[in-house]
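A structural walkthrough
Single-letter residue listing:
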Amino acid sequence: MYDPKSKKAEEFIDNDEILETLAYAEANKENIELIDSILEKARLRKGLTHREASVLLACPIEEKNEEMFALAKQIKKDFYGNRIVMFAPLYLSNYCINGCTYCPYHLKNKHIARKKLTQEEVRQEVIALQDLGHKRLAIESGEDPINNPIEYILECIKTIYSVHHKNGDIRRVNVNIAATTVENYRKLKDAGIGTYILFQETYHKESYEQLHPTGPKHDYAYHTEAMDRAMEGGIDDVGLGVLFGLDKYRYEFAGLLMHAEHLEAAQGVGPHTISVPRLCNADDIEKDTFTNGIDDDIFAKIVACIRIAVPYTGMIVSTRESQKSRERVLNLGISQVSGGSKTSVGGYAEPEPEEDNSAQFDVTDQRSLDEVVKWLMELGYIPSFCTACYREGRTGDRFMSLCKSGQIQNCCHPNALMTLKEYLMDYASPETKAIGDALIEKEAENVPNEKARAVVKENLRLIEQDNRR
Ligand code: SAM
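So, here is what we can say about the structure in this document.

Right, let's talk about the site of the ligand for a bit. As a matter of local geometry, the ligand sits amid 21 residues, with Ser-141, Glu-201, Lys-217, Cys-280 and Arg-320 nearest to it. Within the contact set of the ligand, a nitrogen atom lies 2.9 Å away from a backbone nitrogen or oxygen of Ser-141. A distance of 3.0 Å separates a nitrogen atom of the ligand from a polar atom in the side chain of Arg-320. In terms of residue class, the shell around the ligand is built from 12 nonpolar, 4 polar and 5 charged.

According to the stated counting rule, one finds 28 salt bridges in the structure shown. The residue Lys-64 makes a salt bridge to Asp-36 at a minimum N-O spacing of 2.8 Å. A residue pair is termed long-range when its members are at least 10 positions apart, and Lys-64 in helix α5 (residues 62-80) and Asp-36 in helix α3 (residues 32-42) qualify at 28 residues. We classify Lys-64 as buried; its relative accessible area is 6%. One salt bridge connects Arg-367 with Asp-365, and the closest N-O pair in it is separated by 2.6 Å. The residues Arg-367 and Asp-365 share a single accessibility class, namely buried. Taken together, the shared-partner salt bridges connect Asp-36, Glu-40, Arg-43, Lys-64 and Glu-67 into one network.

On to the packing of aromatic side chains, then. Think of a pair of aromatic rings as described by two things: how far the centres are apart, and how the planes are tilted against each other in angle. Counting across every chain of the model gives 5 aromatic pairs. With a centroid separation of 6.4 Å and 90° between ring planes, the pair formed by Tyr-91 and Tyr-105 is classed as edge-to-face. In this pair, Tyr-91 sits in strand β1 (residues 83-93) while Tyr-105 sits in the loop between β1 and α6 (119-132), placing the two residues 14 residues apart along the sequence. Per residue, the accessibility class of Tyr-91 equals that of Tyr-105, and both read buried. Ring centres of Phe-385 and Tyr-423 lie 4.6 Å apart, and the angle between their planes is 10°; on these two criteria the pair is classed as stacked. Of the two residues, Phe-385 is situated in the loop between β9 (382-384) and α16 (388-391) and Tyr-423 in helix α18 (residues 408-426); the sequence distance between them amounts to 38 residues. Phe-385 gets classed as buried once you look at its relative accessible area, which sits at 2%. Of the residues examined, Tyr-423 reaches a relative accessible area of 2% and is grouped as buried. An aromatic cluster is defined as three or more aromatic residues linked by ring pairs; in this entry it consists of Phe-385, Tyr-423 and Tyr-427. When the ring centre of Tyr-152 is taken as reference, the NZ or CZ atom of Lys-116 above it lies at 4.5 Å. The side chain of Arg-278 reaches across the aromatic face of Phe-299, ending 4.2 Å from its centre.

Right, let's get into the environment of Thr-319. Mapped onto the elements of the fold, Thr-319 is located in the loop between β7 (314-317) and α14 (323-333). Setting aside residues no more than four positions away along its own chain, Thr-319 makes contact with Arg-326, Ser-338, Ser-341, Val-363, Thr-364 and Asp-365.

This part is about the pairing of β7. Remember that side chains alternate between the two faces of the sheet whenever the strand is regular. Side-chain alternation along β7 places Gly-314 and Ile-316 on one buried face and Met-315 and Val-317 on a second face that is also buried. Across 3 bridges, the pairing between strand β6 (residues 273-275) and β7 is parallel. The residue of β7 that forms the bridge with Ile-274 is Met-315. Since β6 and β7 lie parallel, the crossover through helix α13 (residues 296-309) that links them has a hand, and here it is right-handed. Traced from β7 through α14 to strand β8 (residues 336-338), the parallel crossover comes out right-handed.

A few words now on the packing of α13 against α14. At a minimum axis separation of 9 Å, α13 and α14 run at an interaxial angle of 20°. Viewed along their axes, α13 and α14 adopt a mutual orientation that is roughly parallel. In this structure, the crossing between α13 and α14 has a hand that is right-handed. In this structure, α13 contributes Asp-296, Asp-297, Phe-299, Ala-300, Val-303, Ala-304 and Arg-307 to the contact, and α14 contributes Ser-325, Arg-328, Val-329, Leu-332 and Gly-333. Grouping the constituent residues of the contact of α13 with α14 by class yields 6 nonpolar, 2 polar and 4 charged.

Okay, the environment of Lys-287 next. The topology assignment puts Lys-287 in the loop between β6 and α13. Residue Lys-287 is classed as partly exposed on the basis of its relative accessible area, which comes to 33%. A sequence separation of 42 residues divides Lys-287 from Gly-245, and the C-alpha atoms of the two residues are 9.6 Å apart. Residues within four places of Lys-287 in sequence aside, it is in contact with Leu-279, Cys-280 and Asn-281.

About the criteria used
- Residues numbered from 1 in each chain as written.
- Predicted model: local features only at pLDDT ≥ 70, side-chain atom pairs only at ≥ 80, totals over all residues.
- Heavy atoms only, no water.
- Near = heavy atom within 4 Å.
- Polar contact = N/O pair within 3.5 Å; in protein donor to acceptor, adjacent residues only side chain to side chain.
- Nonpolar A, V, L, I, M, F, W, Y, C, P; charged D, E, K, R; others polar.
- Salt bridge = Lys/Arg side-chain N within 4 Å of Asp/Glu carboxyl O.
- Helix = DSSP H or I, 4+ residues; strand = E, 2+ residues; numbered from the N terminus.
- Buried < 20%, exposed > 50% of the residue type's maximum accessible area, 1.4 Å probe, protein only.
- Phe/Tyr/Trp six-rings, centres within 6.5 Å; stacked < 30°, edge-to-face > 60°.
- Lys NZ or Arg CZ within 6 Å of the ring centre and 35° of its normal.
- Contact = heavy atoms within 4.5 Å.
- Pairing = 2+ DSSP bridges.
- Right-handed = clockwise from strand over helix to strand, strands pointing away.
- Axes fitted to C-alpha atoms, helices over the stretch in contact; angles between N-to-C directions.
- Parallel < 35°, antiparallel > 145°, perpendicular 65-115°, else oblique.
- Left-handed = near helix turned anticlockwise from the far one by under 90°.

So this is what it looks like as C-alpha coordinates:
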(Lines give C-alpha, C1' and ligand atoms only; values in the text may rest on other atoms or scores of the structure.)
Protein backbone atom coordinates (compact mmCIF):
# COMPACT_ATOMS: atom_id res chain seq x y z
CA MET A 1 0.00 0.00 0.00
CA TYR A 2 1.04 3.55 -0.56
CA ASP A 3 3.00 5.26 2.15
CA PRO A 4 2.60 9.00 1.71
CA LYS A 5 5.47 9.61 4.12
CA SER A 6 8.13 7.62 2.35
CA LYS A 7 7.76 9.35 -0.98
CA LYS A 8 8.27 12.78 -2.35
CA ALA A 9 5.05 14.62 -3.15
CA GLU A 10 5.66 14.24 -6.86
CA GLU A 11 6.13 10.46 -6.52
CA PHE A 12 3.25 10.01 -4.11
CA ILE A 13 0.69 11.87 -6.24
CA ASP A 14 1.09 9.15 -8.78
CA ASN A 15 -0.82 8.96 -12.07
CA ASP A 16 -1.45 5.20 -11.77
CA GLU A 17 -2.82 5.56 -8.25
CA ILE A 18 -5.12 8.38 -9.36
CA LEU A 19 -6.36 6.36 -12.34
CA GLU A 20 -6.98 3.36 -10.09
CA THR A 21 -8.81 5.63 -7.65
CA LEU A 22 -11.03 6.95 -10.41
CA ALA A 23 -11.78 3.43 -11.64
CA TYR A 24 -12.58 2.33 -8.08
CA ALA A 25 -14.85 5.37 -7.62
CA GLU A 26 -16.63 4.70 -10.91
CA ALA A 27 -17.15 1.03 -10.06
CA ASN A 28 -18.53 1.88 -6.62
CA LYS A 29 -20.40 5.09 -7.24
CA GLU A 30 -23.76 3.37 -6.66
CA ASN A 31 -22.54 0.92 -4.02
CA ILE A 32 -24.85 2.10 -1.25
CA GLU A 33 -23.32 -0.12 1.39
CA LEU A 34 -19.85 1.27 0.73
CA ILE A 35 -21.12 4.85 0.48
CA ASP A 36 -22.91 4.50 3.80
CA SER A 37 -19.78 3.16 5.45
CA ILE A 38 -17.72 6.06 4.05
CA LEU A 39 -20.30 8.55 5.30
CA GLU A 40 -20.24 6.80 8.67
CA LYS A 41 -16.48 7.26 8.83
CA ALA A 42 -16.79 10.88 7.70
CA ARG A 43 -19.16 11.57 10.58
CA LEU A 44 -16.24 10.93 12.95
CA ARG A 45 -14.77 14.15 11.52
CA LYS A 46 -11.35 12.66 11.11
CA GLY A 47 -11.33 12.93 7.35
CA LEU A 48 -11.34 10.48 4.47
CA THR A 49 -8.75 9.03 2.13
CA HIS A 50 -8.61 10.18 -1.47
CA ARG A 51 -10.18 6.88 -2.52
CA GLU A 52 -13.11 7.17 -0.14
CA ALA A 53 -13.74 10.81 -0.98
CA SER A 54 -13.55 10.04 -4.71
CA VAL A 55 -16.37 7.51 -4.34
CA LEU A 56 -18.51 10.22 -2.73
CA LEU A 57 -17.67 12.69 -5.47
CA ALA A 58 -18.62 10.19 -8.18
CA CYS A 59 -21.89 9.12 -6.51
CA PRO A 60 -24.95 10.21 -8.57
CA ILE A 61 -27.59 9.09 -6.02
CA GLU A 62 -29.54 12.17 -5.04
CA GLU A 63 -30.44 10.98 -1.57
CA LYS A 64 -26.81 10.21 -0.75
CA ASN A 65 -25.71 13.54 -2.16
CA GLU A 66 -28.17 15.27 0.15
CA GLU A 67 -26.56 13.41 3.06
CA MET A 68 -23.14 14.58 1.93
CA PHE A 69 -24.26 18.20 1.71
CA ALA A 70 -25.87 17.99 5.14
CA LEU A 71 -22.71 16.49 6.63
CA ALA A 72 -20.48 19.09 4.97
CA LYS A 73 -22.69 21.85 6.42
CA GLN A 74 -22.52 20.28 9.86
CA ILE A 75 -18.74 19.88 9.76
CA LYS A 76 -18.32 23.44 8.57
CA LYS A 77 -20.49 24.58 11.46
CA ASP A 78 -18.67 22.46 14.02
CA PHE A 79 -15.17 23.52 12.99
CA TYR A 80 -15.67 27.05 11.74
CA GLY A 81 -19.03 28.16 13.11
CA ASN A 82 -20.67 30.89 11.05
CA ARG A 83 -17.51 32.96 10.73
CA ILE A 84 -16.06 33.93 7.36
CA VAL A 85 -12.58 35.42 7.30
CA MET A 86 -12.10 38.35 4.91
CA PHE A 87 -9.06 39.05 2.74
CA ALA A 88 -8.00 40.83 -0.44
CA PRO A 89 -5.39 40.02 -3.07
CA LEU A 90 -2.68 42.59 -3.74
CA TYR A 91 -1.01 42.31 -7.13
CA LEU A 92 2.60 43.49 -6.98
CA SER A 93 3.88 42.76 -10.45
CA ASN A 94 2.65 41.08 -13.60
CA TYR A 95 6.07 40.65 -15.18
CA CYS A 96 6.38 36.95 -15.85
CA ILE A 97 8.71 34.71 -17.82
CA ASN A 98 6.46 31.65 -17.80
CA GLY A 99 4.34 30.49 -20.69
CA CYS A 100 1.19 29.34 -18.84
CA THR A 101 -1.38 29.02 -21.61
CA TYR A 102 -4.34 29.97 -19.39
CA CYS A 103 -2.81 33.04 -17.73
CA PRO A 104 -2.60 36.46 -19.40
CA TYR A 105 0.72 37.13 -17.64
CA HIS A 106 2.41 34.69 -19.99
CA LEU A 107 5.59 35.99 -21.56
CA LYS A 108 4.31 36.11 -25.12
CA ASN A 109 1.31 38.29 -24.29
CA LYS A 110 2.44 41.57 -25.80
CA HIS A 111 -0.76 43.58 -25.35
CA ILE A 112 -1.04 43.39 -21.60
CA ALA A 113 0.34 46.44 -19.77
CA ARG A 114 3.29 45.22 -17.69
CA LYS A 115 3.52 46.88 -14.32
CA LYS A 116 5.50 46.50 -11.15
CA LEU A 117 4.68 48.54 -8.08
CA THR A 118 7.35 50.82 -6.63
CA GLN A 119 7.56 50.81 -2.83
CA GLU A 120 5.67 54.10 -2.81
CA GLU A 121 2.95 52.51 -4.93
CA VAL A 122 2.84 49.54 -2.58
CA ARG A 123 2.25 52.02 0.24
CA GLN A 124 -0.57 53.67 -1.72
CA GLU A 125 -2.18 50.32 -2.43
CA VAL A 126 -1.95 49.33 1.22
CA ILE A 127 -3.48 52.62 2.34
CA ALA A 128 -6.32 52.16 -0.14
CA LEU A 129 -6.88 48.60 1.13
CA GLN A 130 -6.75 49.77 4.74
CA ASP A 131 -9.28 52.46 3.93
CA LEU A 132 -11.62 49.70 2.80
CA GLY A 133 -11.07 47.89 6.10
CA HIS A 134 -8.82 45.00 5.10
CA LYS A 135 -6.39 43.49 7.62
CA ARG A 136 -5.31 40.41 5.70
CA LEU A 137 -3.77 40.37 2.24
CA ALA A 138 -2.61 37.77 -0.22
CA ILE A 139 0.20 39.16 -2.33
CA GLU A 140 0.39 37.97 -5.91
CA SER A 141 3.13 38.24 -8.45
CA GLY A 142 4.26 36.81 -11.75
CA GLU A 143 7.55 34.90 -11.84
CA ASP A 144 10.48 36.95 -13.10
CA PRO A 145 13.86 36.69 -11.37
CA ILE A 146 15.03 39.99 -12.89
CA ASN A 147 11.95 42.16 -12.35
CA ASN A 148 10.47 40.47 -9.27
CA PRO A 149 13.34 38.71 -7.48
CA ILE A 150 12.78 37.46 -3.94
CA GLU A 151 14.43 40.65 -2.63
CA TYR A 152 11.67 42.68 -4.29
CA ILE A 153 8.95 40.52 -2.74
CA LEU A 154 10.62 40.79 0.70
CA GLU A 155 10.89 44.55 0.38
CA CYS A 156 7.20 44.76 -0.50
CA ILE A 157 6.26 42.65 2.54
CA LYS A 158 8.32 44.94 4.76
CA THR A 159 6.61 47.98 3.26
CA ILE A 160 3.15 46.47 3.73
CA TYR A 161 3.74 45.71 7.41
CA SER A 162 5.21 49.19 7.95
CA VAL A 163 2.17 51.16 6.80
CA HIS A 164 0.26 52.38 9.86
CA HIS A 165 -2.71 54.33 8.63
CA LYS A 166 -5.58 55.37 10.88
CA ASN A 167 -6.75 52.14 12.55
CA GLY A 168 -5.76 50.03 9.64
CA ASP A 169 -2.63 47.92 10.00
CA ILE A 170 -2.29 44.91 7.72
CA ARG A 171 -1.70 42.12 10.20
CA ARG A 172 -1.26 39.13 7.98
CA VAL A 173 0.39 38.93 4.57
CA ASN A 174 -0.16 35.64 2.80
CA VAL A 175 2.03 35.04 -0.21
CA ASN A 176 1.12 33.55 -3.57
CA ILE A 177 4.32 33.53 -5.61
CA ALA A 178 5.93 30.91 -7.80
CA ALA A 179 7.65 27.82 -6.41
CA THR A 180 11.07 28.70 -5.05
CA THR A 181 14.03 27.40 -3.05
CA VAL A 182 14.20 26.39 0.62
CA GLU A 183 16.49 29.36 1.19
CA ASN A 184 13.92 31.77 -0.25
CA TYR A 185 11.12 30.19 1.75
CA ARG A 186 13.23 30.73 4.84
CA LYS A 187 13.53 34.42 3.90
CA LEU A 188 9.75 34.64 3.50
CA LYS A 189 9.30 33.01 6.88
CA ASP A 190 11.71 35.51 8.44
CA ALA A 191 9.74 38.34 6.81
CA GLY A 192 6.73 37.23 8.85
CA ILE A 193 4.42 35.91 6.17
CA GLY A 194 1.21 34.09 7.03
CA THR A 195 0.30 31.28 4.65
CA TYR A 196 2.37 30.41 1.61
CA ILE A 197 -0.14 29.69 -1.15
CA LEU A 198 0.67 27.91 -4.37
CA PHE A 199 -1.88 26.41 -6.69
CA GLN A 200 -0.88 23.17 -8.32
CA GLU A 201 -2.92 24.25 -11.38
CA THR A 202 -3.25 20.59 -12.41
CA TYR A 203 -2.02 17.34 -10.91
CA HIS A 204 -2.05 15.70 -14.33
CA LYS A 205 1.63 15.74 -15.18
CA GLU A 206 1.25 15.46 -18.93
CA SER A 207 -1.35 18.24 -19.09
CA TYR A 208 0.74 20.29 -16.66
CA GLU A 209 3.70 20.16 -19.03
CA GLN A 210 1.52 21.16 -21.98
CA LEU A 211 -0.15 23.99 -20.09
CA HIS A 212 3.24 25.29 -18.92
CA PRO A 213 5.27 24.84 -22.09
CA THR A 214 8.06 27.27 -21.22
CA GLY A 215 9.71 28.93 -18.26
CA PRO A 216 10.68 27.64 -14.80
CA LYS A 217 7.09 26.65 -14.03
CA HIS A 218 7.36 23.92 -16.69
CA ASP A 219 9.14 21.71 -14.12
CA TYR A 220 6.31 19.62 -12.67
CA ALA A 221 8.37 18.00 -9.92
CA TYR A 222 9.82 21.31 -8.72
CA HIS A 223 6.33 22.83 -8.60
CA THR A 224 4.72 19.82 -6.90
CA GLU A 225 7.37 19.61 -4.20
CA ALA A 226 7.24 23.33 -3.41
CA MET A 227 5.19 22.86 -0.23
CA ASP A 228 7.71 20.40 1.17
CA ARG A 229 10.48 22.92 0.54
CA ALA A 230 8.36 25.71 2.07
CA MET A 231 7.90 23.64 5.21
CA GLU A 232 11.58 22.76 5.25
CA GLY A 233 12.22 26.50 5.14
CA GLY A 234 10.15 26.89 8.31
CA ILE A 235 6.82 28.02 6.86
CA ASP A 236 4.11 26.48 9.04
CA ASP A 237 1.03 27.22 6.99
CA VAL A 238 0.72 26.28 3.34
CA GLY A 239 -2.29 26.66 1.06
CA LEU A 240 -3.08 24.19 -1.73
CA GLY A 241 -5.40 24.59 -4.70
CA VAL A 242 -6.01 23.47 -8.26
CA LEU A 243 -7.34 25.59 -11.07
CA PHE A 244 -10.57 23.80 -11.95
CA GLY A 245 -11.19 23.82 -15.68
CA LEU A 246 -7.71 22.82 -16.81
CA ASP A 247 -8.08 19.04 -16.51
CA LYS A 248 -10.77 16.57 -15.42
CA TYR A 249 -12.15 17.55 -12.04
CA ARG A 250 -12.23 14.07 -10.53
CA TYR A 251 -8.57 13.62 -11.34
CA GLU A 252 -7.72 16.98 -9.75
CA PHE A 253 -9.81 16.21 -6.69
CA ALA A 254 -7.98 12.92 -6.04
CA GLY A 255 -4.59 14.61 -6.63
CA LEU A 256 -5.44 17.45 -4.28
CA LEU A 257 -6.42 15.08 -1.48
CA MET A 258 -3.30 13.00 -2.03
CA HIS A 259 -1.25 16.15 -1.70
CA ALA A 260 -2.96 16.91 1.61
CA GLU A 261 -2.34 13.32 2.77
CA HIS A 262 1.29 13.61 1.83
CA LEU A 263 1.79 16.84 3.77
CA GLU A 264 0.09 15.47 6.83
CA ALA A 265 2.19 12.28 6.74
CA ALA A 266 5.52 13.72 5.70
CA GLN A 267 5.41 17.11 7.44
CA GLY A 268 3.13 16.31 10.35
CA VAL A 269 0.63 18.97 9.33
CA GLY A 270 -1.83 19.16 6.48
CA PRO A 271 -2.65 22.20 4.35
CA HIS A 272 -3.76 25.27 6.28
CA THR A 273 -6.08 26.17 3.42
CA ILE A 274 -7.40 24.74 0.19
CA SER A 275 -8.50 27.11 -2.57
CA VAL A 276 -10.98 26.18 -5.26
CA PRO A 277 -10.36 28.62 -8.13
CA ARG A 278 -12.16 28.09 -11.43
CA LEU A 279 -10.70 29.25 -14.72
CA CYS A 280 -11.93 32.75 -15.74
CA ASN A 281 -11.90 34.79 -18.88
CA ALA A 282 -8.71 36.77 -19.26
CA ASP A 283 -6.80 38.78 -21.82
CA ASP A 284 -5.18 36.70 -24.59
CA ILE A 285 -6.79 33.49 -23.35
CA GLU A 286 -9.01 31.41 -25.57
CA LYS A 287 -11.32 30.11 -22.88
CA ASP A 288 -13.12 27.94 -25.44
CA THR A 289 -9.98 25.87 -25.85
CA PHE A 290 -10.37 24.71 -22.24
CA THR A 291 -13.06 22.08 -22.32
CA ASN A 292 -12.90 20.79 -18.75
CA GLY A 293 -14.97 23.56 -17.17
CA ILE A 294 -17.28 22.50 -14.35
CA ASP A 295 -20.78 23.74 -13.67
CA ASP A 296 -22.04 25.18 -10.38
CA ASP A 297 -23.52 21.86 -9.24
CA ILE A 298 -20.23 20.02 -9.56
CA PHE A 299 -18.41 22.97 -8.02
CA ALA A 300 -20.68 22.81 -4.97
CA LYS A 301 -20.17 19.07 -4.69
CA ILE A 302 -16.39 19.45 -4.84
CA VAL A 303 -16.52 21.99 -2.02
CA ALA A 304 -18.71 19.69 0.09
CA CYS A 305 -16.51 16.65 -0.54
CA ILE A 306 -13.31 18.56 0.33
CA ARG A 307 -15.01 19.75 3.52
CA ILE A 308 -15.86 16.16 4.45
CA ALA A 309 -12.48 14.73 3.46
CA VAL A 310 -10.25 17.37 5.12
CA PRO A 311 -12.47 18.77 7.87
CA TYR A 312 -9.87 20.90 9.65
CA THR A 313 -8.61 22.82 6.61
CA GLY A 314 -9.70 26.36 5.82
CA MET A 315 -11.31 26.73 2.39
CA ILE A 316 -11.04 29.82 0.23
CA VAL A 317 -13.31 31.10 -2.50
CA SER A 318 -12.29 34.20 -4.40
CA THR A 319 -14.06 36.82 -6.51
CA ARG A 320 -13.50 34.56 -9.51
CA GLU A 321 -16.89 33.22 -8.42
CA SER A 322 -20.18 35.07 -8.81
CA GLN A 323 -22.25 36.18 -5.83
CA LYS A 324 -24.67 33.34 -6.57
CA SER A 325 -22.03 30.66 -6.70
CA ARG A 326 -20.31 31.99 -3.57
CA GLU A 327 -23.61 32.03 -1.75
CA ARG A 328 -24.18 28.41 -2.56
CA VAL A 329 -20.82 27.13 -1.30
CA LEU A 330 -20.43 29.29 1.81
CA ASN A 331 -22.23 26.94 4.15
CA LEU A 332 -20.80 23.83 2.50
CA GLY A 333 -17.34 24.51 3.82
CA ILE A 334 -15.89 27.88 2.86
CA SER A 335 -14.11 29.71 5.66
CA GLN A 336 -12.45 32.61 3.79
CA VAL A 337 -13.60 34.93 1.03
CA SER A 338 -12.08 37.92 -0.69
CA GLY A 339 -14.05 41.10 -1.12
CA GLY A 340 -13.67 44.27 -3.16
CA SER A 341 -10.82 42.61 -5.07
CA LYS A 342 -8.82 44.14 -7.89
CA THR A 343 -6.63 41.87 -9.97
CA SER A 344 -4.78 44.68 -11.73
CA VAL A 345 -1.39 45.92 -10.56
CA GLY A 346 -2.05 49.16 -8.67
CA GLY A 347 -5.81 48.83 -9.02
CA TYR A 348 -6.81 49.80 -5.47
CA ALA A 349 -5.21 53.25 -5.32
CA GLU A 350 -6.06 54.12 -8.90
CA PRO A 351 -8.75 52.35 -10.89
CA GLU A 352 -7.16 51.22 -14.12
CA PRO A 353 -8.16 52.79 -17.46
CA GLU A 354 -9.68 50.15 -19.72
CA GLU A 355 -6.94 50.32 -22.37
CA ASP A 356 -4.21 49.50 -19.83
CA ASN A 357 -5.60 46.15 -18.72
CA SER A 358 -2.91 44.77 -16.40
CA ALA A 359 -5.51 42.57 -14.70
CA GLN A 360 -4.93 38.87 -14.30
CA PHE A 361 -8.48 37.75 -14.89
CA ASP A 362 -11.97 39.24 -14.97
CA VAL A 363 -13.34 39.50 -11.45
CA THR A 364 -16.87 38.06 -11.45
CA ASP A 365 -18.01 39.32 -8.05
CA GLN A 366 -17.38 43.05 -8.39
CA ARG A 367 -19.08 44.23 -5.21
CA SER A 368 -17.30 46.47 -2.72
CA LEU A 369 -16.03 45.10 0.59
CA ASP A 370 -18.87 46.94 2.36
CA GLU A 371 -21.42 45.22 0.12
CA VAL A 372 -19.81 41.81 0.64
CA VAL A 373 -19.75 42.29 4.43
CA LYS A 374 -23.39 43.36 4.43
CA TRP A 375 -24.39 40.42 2.23
CA LEU A 376 -22.59 37.94 4.50
CA MET A 377 -24.29 39.33 7.59
CA GLU A 378 -27.69 39.25 5.94
CA LEU A 379 -27.08 35.56 5.29
CA GLY A 380 -26.28 35.08 8.97
CA TYR A 381 -22.48 34.88 8.72
CA ILE A 382 -20.00 36.81 10.85
CA PRO A 383 -17.40 38.43 8.59
CA SER A 384 -14.17 38.20 10.58
CA PHE A 385 -11.14 40.45 10.30
CA CYS A 386 -9.28 38.48 12.93
CA THR A 387 -5.60 37.64 12.55
CA ALA A 388 -5.01 36.65 16.18
CA CYS A 389 -4.03 33.01 15.52
CA TYR A 390 -1.10 34.10 13.47
CA ARG A 391 0.00 36.83 15.88
CA GLU A 392 -0.25 34.52 18.85
CA GLY A 393 1.65 31.68 17.25
CA ARG A 394 -1.33 29.45 16.55
CA THR A 395 0.02 28.26 13.22
CA GLY A 396 0.94 24.92 11.66
CA ASP A 397 0.36 21.89 13.87
CA ARG A 398 -0.67 24.05 16.85
CA PHE A 399 -3.53 25.52 14.82
CA MET A 400 -4.44 22.12 13.40
CA SER A 401 -4.65 20.37 16.75
CA LEU A 402 -6.77 23.17 18.16
CA CYS A 403 -9.01 23.07 15.12
CA LYS A 404 -9.27 19.27 15.14
CA SER A 405 -10.29 19.29 18.78
CA GLY A 406 -12.95 21.93 18.12
CA GLN A 407 -11.20 24.29 20.56
CA ILE A 408 -10.55 26.98 17.97
CA GLN A 409 -14.20 28.02 18.36
CA ASN A 410 -13.62 29.33 21.86
CA CYS A 411 -11.30 32.06 20.74
CA CYS A 412 -12.46 32.60 17.17
CA HIS A 413 -16.07 33.51 17.85
CA PRO A 414 -15.30 36.34 20.31
CA ASN A 415 -12.38 37.57 18.16
CA ALA A 416 -14.56 37.62 15.06
CA LEU A 417 -17.19 39.70 16.86
CA MET A 418 -14.65 42.19 18.17
CA THR A 419 -12.84 42.64 14.86
CA LEU A 420 -16.17 42.97 13.06
CA LYS A 421 -17.17 45.64 15.57
CA GLU A 422 -13.94 47.54 14.82
CA TYR A 423 -14.62 47.24 11.10
CA LEU A 424 -18.16 48.57 11.53
CA MET A 425 -16.95 51.50 13.60
CA ASP A 426 -14.15 52.43 11.22
CA TYR A 427 -15.28 51.63 7.70
CA ALA A 428 -18.86 50.47 7.25
CA SER A 429 -21.72 52.37 5.65
CA PRO A 430 -24.56 53.28 8.07
CA GLU A 431 -26.76 50.50 6.68
CA THR A 432 -24.07 47.85 7.03
CA LYS A 433 -23.25 49.11 10.52
CA ALA A 434 -26.87 48.84 11.66
CA ILE A 435 -27.14 45.25 10.39
CA GLY A 436 -23.77 44.40 11.94
CA ASP A 437 -24.51 45.88 15.34
CA ALA A 438 -27.71 43.87 15.59
CA LEU A 439 -25.88 40.71 14.53
CA ILE A 440 -23.10 41.27 17.08
CA GLU A 441 -25.58 41.81 19.87
CA LYS A 442 -27.28 38.54 19.02
CA GLU A 443 -24.04 36.59 18.51
CA ALA A 444 -22.44 37.83 21.74
CA GLU A 445 -25.08 35.79 23.55
CA ASN A 446 -23.76 32.68 21.76
CA VAL A 447 -20.40 32.74 23.52
CA PRO A 448 -20.82 29.54 25.55
CA ASN A 449 -18.71 30.32 28.57
CA GLU A 450 -20.36 32.83 30.92
CA LYS A 451 -17.13 34.53 31.94
CA ALA A 452 -15.93 34.79 28.35
CA ARG A 453 -19.32 36.17 27.35
CA ALA A 454 -18.99 38.95 29.91
CA VAL A 455 -15.45 39.77 28.70
CA VAL A 456 -16.60 39.95 25.08
CA LYS A 457 -19.50 42.22 25.94
CA GLU A 458 -17.20 44.49 27.91
CA ASN A 459 -14.69 44.61 25.05
CA LEU A 460 -17.45 45.38 22.57
CA ARG A 461 -18.60 48.20 24.80
CA LEU A 462 -15.07 49.60 24.93
CA ILE A 463 -14.70 49.41 21.14
CA GLU A 464 -18.03 51.26 20.83
CA GLN A 465 -16.49 54.00 22.96
CA ASP A 466 -13.39 53.90 20.76
CA ASN A 467 -11.39 52.66 23.68
CA ARG A 468 -9.41 49.80 22.12
CA ARG A 469 -6.98 47.46 23.79
N1 SAM B 1 2.77 33.39 -10.43
C2 SAM B 1 2.52 32.54 -9.31
C3 SAM B 1 2.48 31.11 -9.75
O4 SAM B 1 2.88 30.84 -10.85
O5 SAM B 1 2.07 30.28 -8.99
C6 SAM B 1 1.26 32.82 -8.57
C7 SAM B 1 0.47 34.00 -8.81
S8 SAM B 1 -0.85 33.84 -9.95
C9 SAM B 1 -1.03 35.53 -9.90
C10 SAM B 1 -2.16 33.14 -9.01
C11 SAM B 1 -3.01 32.08 -9.64
O12 SAM B 1 -3.92 32.65 -10.54
C13 SAM B 1 -2.35 31.01 -10.43
O14 SAM B 1 -1.77 30.04 -9.62
C15 SAM B 1 -3.50 30.46 -11.28
O16 SAM B 1 -4.08 29.33 -10.69
C17 SAM B 1 -4.51 31.58 -11.26
N18 SAM B 1 -4.89 31.99 -12.62
C19 SAM B 1 -4.10 32.20 -13.67
N20 SAM B 1 -4.83 32.48 -14.77
C21 SAM B 1 -6.13 32.42 -14.42
C22 SAM B 1 -7.36 32.57 -15.11
N23 SAM B 1 -7.41 32.85 -16.41
N24 SAM B 1 -8.50 32.42 -14.40
C25 SAM B 1 -8.50 32.15 -13.09
N26 SAM B 1 -7.36 31.99 -12.39
C27 SAM B 1 -6.18 32.11 -13.03
